[in-house]
Structure formats: structure tokens, C-alpha cells
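Chain by chain, the residues:
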Amino acid sequence: NYAVQAYFTVILLYITRLMSTGKSKLLPPKLLTLDFSERIRTDTSAIESASRDYGNIVHESPVAVLYPSSVQDIVSLIKFAYNCSVPFTVSARGRSHSVFGQAMAPKGVIIDMMHLRNHREKTGVIVSKNPSLGFYADVGGEQLWIDVLKATMEHGLAPVSWTDYLYLTVGGTLSNAGISGQSFRYGPQISNVYEMDVVTGTGELVTCSAHRNSDLFYAVLGGLGQFGVITRARIAIEPAPKKVKWVRMLYSDFSAFTKDQERLISINGRKQSNALDYVEGSLLMNQGPPNNWRSSFFPSSDIPRIMSLVTQHGIIYCLEVAKYYDDTTQHSVAKELQQMYEGLSFIAGFKLEKDVSYVEFLDRVRSGELKLQSQGLWDVPHPWLNIFLPKSRISDFNSGVFQDIVLKRNITTGPVLIYPMNRNKWDDRTSAVIPDEEVFYTVGFLHSSGFDDWQRHDDQNKDLLKFCEKAGIKVTKYFPNYKTKEEWINHFGSKWTTFQENKYLFDPKMMLSPGQRIFN
Ligand code: FAD
């Protein structure tokens, strides 16, 4: 009896201490005496910056931020948290370009991954070659994709699968999927990883691949940060092209637009020379100019005639493709594109073409970002919605969502993307969830809003999801954010059991990436 009484007294004392002390004292005091403690900060500026993300909608404060100078710091922190009698949560924070607090750790500790960039040998990107893989790059999980591009280009090489925007970390995009117009042919970024080093939720540094610790390897890819911190990824790279033919074609008819997109992505062999290298699409509407932060493509002389087309039709669908080339293929590429145009149904006179360097093409979002930053408009709230939809229902989605909800409300601000991908380029063993059909679409509403009106965009997002539910259109969220366990189980569907079992295995004390709100 005395033992039970003493036990409860200790618990009560601990709770009282938590409630009566400052935030930094929520952490075990011993944490601040360990050998890496000088790299842990609890001051207001560190806490505030770790309480924000690109979405600027959710703000949750950690009690401390670790600025690691080595992978060992990450191992030591997680091991310490795991061995505490009351473990605390820990979240890797990449560039914090999530939109609903996914990289936050309320009352826990943030690992500021980007800080590692200052401490890596060489650039944190090491290019090598071996007989079985050919060329590959070992890349720190904290590296930005733009730095991976720069470092690999020094060897005339580059990764094959990208995101539209390159100022994101390798660990951050591999925790989701990493998609762009290259995905239809090369798969998402998670399909182009050979091996990783991961610090699991028990503080163990484990090397994993499809052949070694494969459960961890597949769990972590698309795993929303739940199973470990990626400290290194070995990724596929290939000889980089020099130049890009970048083309946009306009459509007023949605079914002609999607038929052409689907036809273009059906030629998708990695070595097939007549395949395109990039296929995307977007909506042009009256709410904004055809050029936006995502890329400034249309020459100003063409904007009046494009806008009058938009006024006439309400929505214009813009098919965007790219074909890479170099000195040896520059003559054949124009011919191949010419042949391709002949089979497509875009509006006559509305095909616009550009020649740009490969790096300029991949880094096309940066100039828009810098412009918005200079106007103080990059850090506004971003109530984004990114979803995957089966091909069989894309036309119903167009009529119920684009042509009805979006057009009538007339509040959409920011790019709306729509493009198809091939399921067979994704590995079903990863944690990422995609629709069941062989071809599926991604649709992204990339809203920027004012500080006090993000809610109406979020309401529109909710309403269109409701529409889909009612119409029986099965939507899978990309960058999911849910509040209840039931919703998460529904999201993962047949993958839920494995996802949960992996959590018990690799993060048994449920410490990692609490901002995703799956197990916390
Ligand atoms: P964070 O937001 O910092 O983290 C995201 C999640 O990953 C968190 O749960 C975090 O704990 C976890 N995490 C971070 N680092 C690690 C690590 N090393 N190990 C384990 N877990 C980790 N996505 C696309 O797929 N395609 C696009 O074209 C695209 N374009 C974008 C453009 C912009 C302007 C923005 C803001 C986002 C875009 N995204 C795109 C979304 C982006 O890929 C995700 O938000 C991604 O998570 C951002 O990376 P990050 O480094 O900012 O990750």
C-alpha cells in the first residue's frame, strides 16, 4: 500500500511541477547537462521560428530546439528521450514547408535538420559509381534539392525525379513522396532511393535498403516522419541534359485536355527516347494572371489574348510538357515535338514554346518566390489542398468541382495543378498511399490568402471534399492532415495494419513527428 501511495505521490509531484514551471522545465533537466546540450536552445527566437511553417495556419511551440552538428547529436537526443521515464516527443524539421504543422512538436523538441548542412564534410552530397547501380549520390537528409542539383551537376549528373520547387529538404520530401511532372516516367522521388541511414525512435542508427532492414526502408519512404530521422539517402542519378524545350498548350475542353495528358504519359519507358521528360497541367482562371509564382512562362505580348480566352470560357486548361536535349539530340528533338503536336487537340494558335537551360527549368519556381518575398507575400497563410484522384472519376471532378464550386465561388487565389501519373512507377511496399487505378491524377489547390481570410479557402477545400464523398469519388490526400484516428485508418486503408505495426517496432514510445497527429 505504501509503495502504491508513494508511486502516486511521485506522479502527482511531477504533474504539479509540469503545471507550475516554465516551458523549458518541462524537459528533464538532465537534457541540458548532456554533451550536446550547448546545441539545444530554449530562447524565444528559437522557439518562435520552430513554431511556424509555410502554411502559417497552425502554430505550436516546442520547448527546445536542437541545432545538431553531427548525426551523433540526433542519435544522442532520441536515445535520451527514449530512455527517459517520461519520454518527450521529437520532430525532425526540414525546411518546414508543410502547411498544417506537420513538422512541429508541441511541448517536445525540434531537430533543426538544416543546421547540419553547416557541418557536413564536402557538401553533404557525394557522387559515386559502382557496377550494380551505376552512378548514385549519397545525400544528407538535411540537404536542399537545389544543393543536390548543384553538386551533382558538377559531375554532369543529376537526379531524375523532382519536385516543382527545389528549396525543400531531401528528408522532408522522402517522408511524403516527392512528385512533379517527371513522376509519370521516373516515379516519385521515393521510387528513386537505393539506401538510407535512419535514426529510429529508439535512437539506433540503422542502414536500410530493399535488401537490408527492408521493413524500415519501405516504412520510412512516404512514412510522414513516423519511424525515424533520415540522415542519409542514396539516390539515383543519371547524365544531366543541357537544355529543355518547355511547351504549354491551351484547351477549353477538359476531356480533350485529359485525353492528351493521358496519351502523353502512356509513353513512359525510362530508356524510351520518344517519351517526354515532364508532363503537368494547370488551370487558368480570371482570379489571377496566367503567370504566377510557380513560373513565369507566358510572354507579356501573349497575355491579353490568353486572358480573353479565359474570359470567354471561364476556365482554360493548360497542358505543360518538357523535353530534355543536348548537343547530339538538338536536331531530332524539334522533329519529335512536331510529330507530337500533330496528334494533340489544343486550341489552334495556343501552343507556346521556350528553350531554357536544364537548371533554369528545374529551378523555375525560385524567381517567383524571391519576388513574393520582396513584397512580403511569401509568408502569408497557405490553406493548401493536395489530393490524388482515380482517372475514372476525373471528369466528374471537373464538372462538380472546377466548373461548379471553384468557378462559382470565384475565390481561388494561387495555382491549381492537375496532372496524371502511372501507378506502376510507385512501389506499393512504401508507406505512401495512392489510388487503386493504373492512372491517377494529382490535383493541387495552392491558395495564398490574407491573414484573416484563409478560412474561406479552407471551407472551399472542405466543401469540395464533401462533394467528392457524396459523389462517391475516392479522394486520397497528399500531405494528409487528419484529426481522428478513424480518419487516419481510413486514409491508409489496407496499409494501416503494417503502418501501425511498424510504429510499434521502430518508434515504440510514439515520440517521432507528433505534428502529423497520427499516434498522439
Ligand atoms: P518539413 O515540412 O520540415 O517536414 C515534413 C515532415 O517530414 C514532418 O513530419 C517532418 O517531421 C518530417 N521530416 C523532415 N525531415 C525529415 C527527416 N530528415 N527524416 C524524417 N522525417 C523528416 N511536394 C511535392 O511532392 N512536389 C512539389 O512540387 C512540391 N512543391 C512545393 C512547393 C512549395 C512552395 C511548398 C511550400 C511545398 C511543396 N511541396 C511539394 C510539399 C513538400 O514536398 C512537403 O511539404 C515537404 O514535406 C517539405 O519538405 P520540408 O523539408 O520543408 O519538410
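Residues numbered from 1 in each chain as written. Predicted model: local features only at pLDDT ≥ 70, side-chain atom pairs only at ≥ 80, totals over all residues.

1. Concerning the overall build of the chain
Here is step 1 of the chain: The secondary structure content of the chain amounts to 16 helices and 18 strands.
Here is step 2 of the chain: Its C-alpha atoms give the chain principal-axis dimensions of about 85 × 55 × 45 Å.
Here is step 3 of the chain: Counting over 520 residues, the chain shows a buried share of 43%.
Here is step 4 of the chain: Summarising the internal contacts of the chain: among those between residues at least 6 apart in sequence, 75% fall at separations of at least 24. (Helix = DSSP H or I, 4+ residues; strand = E, 2+ residues; numbered from the N terminus. Buried ≥ 20, exposed ≤ 12 C-beta atoms within 10 Å, placed from the backbone. Contact = placed C-beta atoms within 7 Å.)

2. Let's talk about the sheet that holds strand S4 (residues 109-112)
Here is step 1 of the chain: As summarised here, the arrangement of the four strands in space is S1-S2-S4-S3, forming an open sheet in which the pairing is mixed. Because the sheet does not close on itself, it has two edges, and the strands there are strand S1 (40-41) and strand S3 (90-93).
Here is step 2 of the chain: The pairing of S1 with strand S2 (residues 64-66) spans two bridges and is antiparallel. Looking at S2, one finds that Arg-41 is bridged to Val-65. (Pairing = 2+ DSSP bridges.)

3. Observations regarding the nonpolar core
Here is step 1 of the chain: Formed by 123 residues in total, the largest nonpolar core has its most connected members in Leu-77, Val-90, Val-109, Ile-111, Val-220 and Leu-389.
Here is step 2 of the chain: Inspection of this core shows a minimum of three residues originating in each of domain 1 (118-240 + 499-516) and domain 2 (243-478).
Here is step 3 of the chain: What Ile-111 contacts, discounting residues up to four positions off in sequence, is Leu-66, Pro-68, Ile-74, Leu-77, Val-90, Ser-91, Ala-92, Arg-93 and Val-229. (Core = buried A, V, L, I, M, F, W, Y, C linked by C-beta atoms within 7 Å. Domains from an automatic or database assignment.)

4. Section: the site of the ligand
Here is step 1 of the chain: Near the ligand lie 35 residues; those nearest to it are Gly-94, His-97, Gly-171, Gly-172 and Gly-225.
Here is step 2 of the chain: Its residues assigned to classes, the shell around the ligand shows 12 nonpolar, 20 polar and three charged. (Near = placed C-beta within 6 Å. Nonpolar A, V, L, I, M, F, W, Y, C, P; charged D, E, K, R; others polar.)

5. Some thoughts on the pairing of strand S8 (residues 193-200)
Here is step 1 of the chain: Direction of pairing for S8 relative to strand S10 (residues 228-239): antiparallel, over a ladder of seven bridges. The residue of S10 that forms the bridge with Thr-200 is Gly-228.
Here is step 2 of the chain: By the bridge criterion, five bridges tie S8 to strand S9 (residues 205-209) in an arrangement that is antiparallel. Note on S9: the bridge partner recorded for Glu-195 is Ser-209.
Here is step 3 of the chain: The hairpin turn running from S8 into S9, its antiparallel successor, is four residues long, and Gly-203 in that turn takes a positive phi close to 85°.

6. Some points on the UniProt feature "domain: FAD-binding PCMH-type" (unreviewed entry) in the chain
Here is step 1 of the chain: Annotation from UniProt places "domain: FAD-binding PCMH-type" (unreviewed entry) at residues 58-240.
Here is step 2 of the chain: Split by type, residues 58-240 is 21% helix and 28% strand. Its first and last C-alpha atoms lie 39 Å apart. (UniProt positions renumbered as here; feature names shortened; annotations may be inferred.)

7. Re the pairing of strand S15 (residues 385-390)
Here is step 1 of the chain: Along S15, five of the six residues are buried, which leaves the element largely enclosed by surrounding structure.
Here is step 2 of the chain: Taken together, the six bridges between S15 and strand S17 (residues 439-445) define a ladder with antiparallel strand orientation. Directly across from Phe-388, in S17, lies its bridge partner Thr-442.
Here is step 3 of the chain: Summarising the sheet, S15 and strand S18 (residues 476-478) pair through three bridges and their orientation is antiparallel. Paired with Asn-386 across the two strands is Tyr-478, which belongs to S18.

8. Focus on the domain arrangement of the chain
Here is step 1 of the chain: On domain assignment, one finds that the chain holds domain 1 (118-240 + 499-516) and domain 2 (243-478).
Here is step 2 of the chain: Relative placement of domain 1 and domain 2: their C-alpha centres are 26 Å apart.
Here is step 3 of the chain: Residue-level contacts link 27 residues of domain 1 with 29 residues of domain 2.
Here is step 4 of the chain: Broken down by secondary-structure element, the contributors of at least two residues to the side of domain 1 that touches domain 2 are helix H4 (145-153), helix H6 (183-186) and helix H7 (214-220).
Here is step 5 of the chain: Among the elements that line the side of domain 1 that touches domain 2, the one with the most residues is H6, at four residues.
Here is step 6 of the chain: Of the residues assigned to the side of domain 1 that touches domain 2, the class counts are 17 nonpolar, eight polar and two charged.

9. Quick notes on unusual backbone geometry
Here is step 1 of the chain: Of note in this structure, Leu-224 is not a glycine but carries a positive phi near 55°.
Here is step 2 of the chain: Mapped onto the elements of the fold, Leu-224 is located in the loop between H7 and S10.
Here is step 3 of the chain: Of note in the backbone geometry, Met-510 takes a positive phi value of approximately 55° without being a glycine.
Here is step 4 of the chain: The topology assignment puts Met-510 in the segment after helix H16 (496-506).
Here is step 5 of the chain: For Met-510, a count of 15 C-beta atoms within 10 Å puts it in the partly exposed group.

10. A look at helix H3 (residues 71-83)
Here is step 1 of the chain: If you check H3, its first and last C-alpha atoms are 18 Å apart, about what 13 residues at 1.5 Å a residue would give, namely 18 Å.
Here is step 2 of the chain: Every buried residue of H3 is accounted for by Val-71, Asp-73, Ile-74, Leu-77, Ile-78, Phe-80 and Ala-81.
Here is step 3 of the chain: Tucked inside the fold, the buried residues of H3 contact S2, S3, S4, S8, S9 and S10. (Expected span 1.5 Å × (residues − 1).)

11. Some thoughts on the environment of Gly-493
Here is step 1 of the chain: Position of Gly-493 relative to the elements: it lies in the loop between helix H15 (485-492) and H16.
Here is step 2 of the chain: When the C-alpha positions of Gly-493 and Ile-230 are compared, they lie 25 Å apart, and in sequence the two are 263 residues distant.

12. Some details on H4
Here is step 1 of the chain: All buried positions along H4 are accounted for by Trp-145, Asp-147, Val-148, Ala-151 and Thr-152. Along the long axis of H4, the arc covered by the buried residues comes to 155°, so they all point the same way.
Here is step 2 of the chain: Those residues of H4 that are buried lie in contact with strand S5 (125-130), strand S6 (134-140), strand S7 (157-159), helix H5 (170-174) and S10. (Arc of directions from axis to C-beta.)

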